[in-house]
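Notes for the structure review
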Amino acid sequence: MSKKLIIFSAHSGSGKSTLVQYLMQQNPNLAFSISCTSRQPRGTEKNGVEYYFLTPEEFRRRIDNDEFLEYEEVYTDKFYGTLKSEVERMSDAGKVVLFDVDVKGGVNIKKYYGERALSIFVMPPSIEELSRRLHGRGTDTEEVIQVRLDKAAYEMTFAPQFDKVVVNDDLDVAKAEVLKLVTDFLKD
Ligand code: ADP
Ligand code: 5GP
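Attention in this report is confined to the structure presented alongside it. (Residues numbered from 1 in each chain as written. Chains lettered and ligands numbered in written order. Predicted model: local features only at pLDDT ≥ 70, side-chain atom pairs only at ≥ 80, totals over all residues. Heavy atoms only, no water.)

1. Quick word on the site of ligand 2
Stated precisely, the cut-off is as follows: Any residue with a non-hydrogen atom lying within 4 Å of a molecule or strand is treated as near it. Under the rule applied, a polar contact is a pair of N or O atoms within 3.5 Å (in protein, one hydrogen donor and one hydrogen acceptor; residues adjacent in sequence only if both atoms are side-chain atoms). Exposure was quantified through the Shrake-Rupley algorithm and a 1.4 Å probe, taking into account, for residues, occlusion by the shown protein chains and nothing else. Going along the chain from the N terminus, every DSSP run of H or I of four or more residues is numbered as a helix, and every run of E of two or more is numbered as a strand.
In the vicinity of ligand 2, 18 residues are found, and the nearest of them are Arg39, Tyr51, Glu70, Tyr80 and Asp102. Between ligand 2 and Arg42 there is a distance of 3.2 Å, counted from an oxygen atom to a side-chain nitrogen or oxygen. One of the side-chain N or O atoms of Tyr80 is found 2.5 Å from an oxygen atom in ligand 2. Surface burial for ligand 2 is 96%, taken as the share of its 520 Å² of free accessible area covered by protein chains. For the shell around ligand 2, the elements supplying multiple residues, two or more each, are β5 (68-75) and β6 (78-83).

Written out as structure tokens, the structure is:
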């Protein structure tokens, strides 16, 4: 049976997590793919909920063991990756797996699953607004925010490789748009 998968990618701060959480509330058949990362937990994040937090050494050991479906060094020394076992576990449980990954990861997962996957790129209305949201979220240092903003223009060049692009300007409009895209994709 060919189970479907949903991929969300965006610049950090675009509102991807907000949209993903909304979708998860709307459709209990969606299961969030918990990635591994070697960055520190931020805010109220807990191991095994938002991420599996690994040391860089543990992350490298799992790379060497070929345990990842895909992984990226998204920022210097900050690895993020999706475990094959995580996707299999949820897929076997009959769930539609939902990925929240960086733009390269999104393109790679889409290539791997082809028509089984719907890939959505979440775009902020502008870089200025992206900056406002990253500052407003209040979870990152100024230095981390600058690194994330510097990367945004580069990340934007990946947008045409996604099935759909959703501009997250008015949050309610974006929520309705992603819900419709996902519902239509899962219909048949
Ligand atoms: P990401 O997961 O893409 O890094 P978040 O979902 O954490 O982004 O959103 C970044 C910040 O922007 C959060 O504080 C969130 O509440 C806020 N936000 C998300 N969508 C909107 C929107 N459409 N308008 C204004 N603020 C938003
Ligand atoms: P954050 O530190 O804000 O949680 O995430 C930074 C970036 O890493 C985001 O773009 C997020 O989507 C991405 N990311 C999270 N998990 C993975 C993953 O498993 N693989 C890849 N390639 N990127 C990921």
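2. As for the sheet that holds β5
Applied cut-off: Any two strands between which DSSP finds at least two bridges are classified as paired. Structural elements are reduced to axes, namely lines fitted to C-alpha atoms, with helices fitted over the stretch in contact, and the angle between N-to-C directions of any two is expressed from 0 to 180 degrees. Contacts were defined at the residue level, with two residues in contact if any of their heavy atoms lie within 4.5 Å.
The 4 strands are arranged β4-β3-β6-β5 in an open sheet whose pairing can be described as mixed. Strands at the two margins of the open sheet, each flanked by one partner only, are β4 (51-53) and β5. The mean angle between the axes of side-by-side strands here comes to 25°, regardless of whether they run parallel or antiparallel. Running over the sheet, helix α3 (residues 84-92) touches β4, β5 and β6 and is turned about 35° from β6.

3. Focus: the pattern of salt bridges
Note the following rule: For this analysis, a salt bridge means a side-chain nitrogen from Lys or Arg found within 4 Å of a carboxyl oxygen belonging to Asp or Glu. Burial classification: accessible surface area is computed with a 1.4 Å probe over protein chains only, and a residue below 20% of its type maximum counts as buried, one above 50% as exposed, and the rest as partly exposed.
According to the stated counting rule, one finds 16 salt bridges in the structure shown. Measuring nitrogen to oxygen at the nearest pair gives 3.3 Å for the salt bridge that ties Lys187 to Asp184. Of this pair, Lys187 and Asp184 both sit in helix α7 (residues 171-187), 3 residues apart, roughly one helical turn. The exposure class of Lys187 is exposed, given its relative accessible area of 62%. Sharing partners across several salt bridges, the network here consists of Arg39, Arg42, Glu45, Arg137 and Asp140.

4. Details of the sheet that holds strand β2 (residues 30-32)
One open sheet accounts for 5 strands, arranged β2-β7-β1-β8-β9; its pairing is parallel. Each of the sheet's edge strands pairs with one partner strand only, and the pair in question is β2 and β9 (164-167). Put simply, the sheet's adjacent strands are angled 25° from each other on average, direction ignored. One ladder, built from 4 bridges, connects strand β1 (residues 5-10) with strand β7 (residues 96-100); its direction is parallel. Among the inter-strand pairings, Ile6 is bridged to a residue of β7, identified as Leu98. With respect to the sheet, α3 is in contact with β1, β2 and β7, its orientation differing from that of β7 by roughly 145°.

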